[in-house]
Amino acid sequence: MFLAKMNYLEVEEYLKKSDTIVIPVGSLENHGKHMPLGTDTMIPDKIAELLDEKSDLLIAPTINYGATDIIGIIFLFLMPDTVERTEERLLLTGLSKRI
């Protein structure tokens, strides 16, 4: 089940049964002229969809990050500790097991 599609009451019910959340992570970066920037995000997104079909795990929105040395192209950059800070916030909600 996808966290982004749930309301807070549904999340509260989930937390009564489980303390596990899946955090998909992918990069947003150049893969050449023939591939989309989000290739490395599309893969974990698809894995999350397949996991959703076969489990009752809570799945967080995919965290996108990127790094490149190409000048003049806009990419999404996040601070190096973004994933760690996200995990810390999830821990405060009771989601102590992260995949």
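Residues numbered from 1 in each chain as written. Predicted model: local features only at pLDDT ≥ 70, side-chain atom pairs only at ≥ 80, totals over all residues. Heavy atoms only, no water.

### Digging into the nonpolar core
Within the largest apolar cluster, 10 residues are counted, these being Met-6, Val-11, Tyr-14, Ile-21, Ile-23, Leu-58, Ala-60, Ile-63, Leu-90 and Leu-95. When sequence neighbours within four positions are dropped, the list of residues in contact with Val-11 reads Leu-3 and Met-6. (Core = buried A, V, L, I, M, F, W, Y, C linked by side-chain atoms within 4.5 Å. Buried < 20%, exposed > 50% of the residue type's maximum accessible area, 1.4 Å probe, protein only. Contact = heavy atoms within 4.5 Å.)

### Here we look at the environment of Asn-30
Turning to its location among the elements, Asn-30 is positioned in the loop between β2 (25-27) and α2 (39-54). For the pair Asn-30 and Asp-40, spaced 10 residues apart in the sequence, the C-alpha separation amounts to 9.9 Å. (Helix = DSSP H or I, 4+ residues; strand = E, 2+ residues; numbered from the N terminus.)

### Structural notes on the pattern of salt bridges
Under the defined criterion, the tally for this structure stands at four salt bridges. Here Lys-46 ties to Glu-49 by a salt bridge, and the two come within 3.7 Å at their closest N and O atoms. Of this pair, Lys-46 and Glu-49 both sit in helix α2, three residues apart, roughly one helical turn. For Lys-46, a relative accessible area of 45% gives the class partly exposed. According to the relative accessible area criterion, Glu-49 is partly exposed, its value standing at 40%. (Salt bridge = Lys/Arg side-chain N within 4 Å of Asp/Glu carboxyl O.)

### Describing the sheet that holds strand β3 (residues 58-59)
An order of β3-β1-β5 is seen for the three strands of this open sheet, with the pairing classed as parallel. Bordering the open sheet on either side are β3 and β5 (97-98), each of which pairs with just one other strand. Judged from the two bridges that link them, strand β1 (residues 20-22) and β5 form a sheet pairing that is parallel. Bridge pairing in β5 links Thr-20 to Lys-97. (Pairing = 2+ DSSP bridges.)

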